[in-house]
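Structural overview
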Amino acid sequence: MFILNACHKAASNPGTTVRHGSLVAKVNKTVIADNNIIIKPCAIIVKPNSRLISKVKKEMNDDEAFYIATDDYMFYMAQAELYLDSVKANKIRRLSEGSVKFNTISGRTFVMKLDTLFFGVLLFNGKDKPITADITDLQADYQKYMKN
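An account of the accompanying structure is given in this report. (Residues numbered from 1 in each chain as written. Predicted model: local features only at pLDDT ≥ 70, side-chain atom pairs only at ≥ 80, totals over all residues. Heavy atoms only, no water.)

1. Looking at the side chain of Thr70
The condition that has to hold: Put simply, DSSP marks the helices as runs of H or I at least four residues long and the strands as runs of E at least two long, and each gets a number from the N terminus on. Residue burial is assigned from relative accessible area. The probe radius is 1.4 Å, only protein chains are included, and a residue is buried under 20% of its type maximum, exposed over 50%, and partly exposed in between. Contact between two residues is taken to exist if any of their heavy atoms lie within 4.5 Å; hydrogens are not considered.
Note that Thr70 resides in helix H2 (residues 63-86). Judged by its relative accessible area of 13%, Thr70 falls in the buried class. If we skip the residues at most four places from it in the chain, Thr70 touches Phe118 and Phe119.

2. Focus on the packing of helix H1 (residues 50-60) against H2
This is how the line gets drawn: Comment: axis = line fitted to C-alpha atoms, over the contacting stretch for helices; angle = value between 0 and 180 degrees taken between N-to-C directions. The cut-offs work like this: below 35 degrees is roughly parallel, past 145 is roughly antiparallel, 65 to 115 is roughly perpendicular, and the gaps in between are oblique. Left-handed describes a crossing whose near helix is turned anticlockwise from the far helix by less than a right angle; the clockwise case is right-handed. Three classes are used: nonpolar for Ala, Val, Leu, Ile, Met, Phe, Trp, Tyr, Cys and Pro, charged for Asp, Glu, Lys and Arg, and polar for all others, with Gly counted as polar.
Where H1 meets H2, the axes come as close as 8 Å, and the angle between the chain directions of the two elements is 130°. One way to sum up the angle between H1 and H2 is to call them oblique. The interaxial crossing formed by H1 with H2 has right-handed handedness. Where H1 approaches H2, its residues Ile53, Val56, Lys57 and Met60 are matched on the opposing element by Asp63, Ala65, Phe66, Tyr67 and Ala69. Residues that form the contact of H1 with H2 fall into these classes: seven nonpolar, no polar and two charged.

3. A few points about the packing of H2 against helix H3 (residues 138-146)
One way to put it is that H2 packs onto H3 with a least axis distance of 10 Å and a crossing angle of 40°. One finds that H2 runs oblique with respect to H3. Along the contact surface, H2 presents Ala80, Tyr83 and Leu84, while H3 presents Leu138, Gln139, Tyr142 and Gln143. Residues that form the contact of H2 with H3 fall into these classes: five nonpolar, two polar and no charged.

4. Here we look at the pairing of strand E9 (residues 109-113)
Let me state the cut-off plainly: Paired strands, in this sense, are two strands between which DSSP finds at least two bridges.
In E9, alternate side chains face the same way, and those of Phe110 and Met112 are buried while those of Thr109, Val111 and Lys113 on the opposite face are not. Alignment of strand E8 (residues 99-103) against E9, held across five bridges, turns out to be antiparallel. Within E9, the position partnered with Lys101 by the bridge is Val111. Adjacent in sequence and paired antiparallel, E8 and E9 are bridged by five residues, among which Gly107 carries a positive phi angle near 95°.

Structure representation (structure tokens):
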């Protein structure tokens with residue numbers, strides 16, 4: 001179970017999708033949403049918004065290279081999601097804009113900006129500072145970090 005704060009609504013039906021702006025959360029159990037604060041272990045799946053896609057494409061200045069790189073990212077992200085599904089990880093999908101705040105069980109707060117990620121996965125175990133996982137080997141990062 002995870003609790004995500006975003007919009008003062010409680011979803012009580014398992015399988016429900018909760019949306020707030022660019023935030024989309026699949027509800028496995030009851031979720032309380034308010035203020036975009038993550039307090040339970042989860043994986044944040046980050047994909048680029050249209051502004052970042054345009055920026056990266058312009059910076060690369062090579063359409064073919066951009067599409068090859070994007071295809072590679074999408075492959076690794078799909079593999080990452082398959083792995084997260086296999087371990088029944090709580091997942092939250094976000095676009096690469098704004099930030100997300102994490103509160104640990106000891107009361108420490110960490111804020112991570114999402115607008116610096118093109119594609120990525122943030123892992124939060126509830127105890128330690130969240131990490132940006134290596135999507136090319138998510139399983140290793142997940143097992144090392146989440147099992148702490």
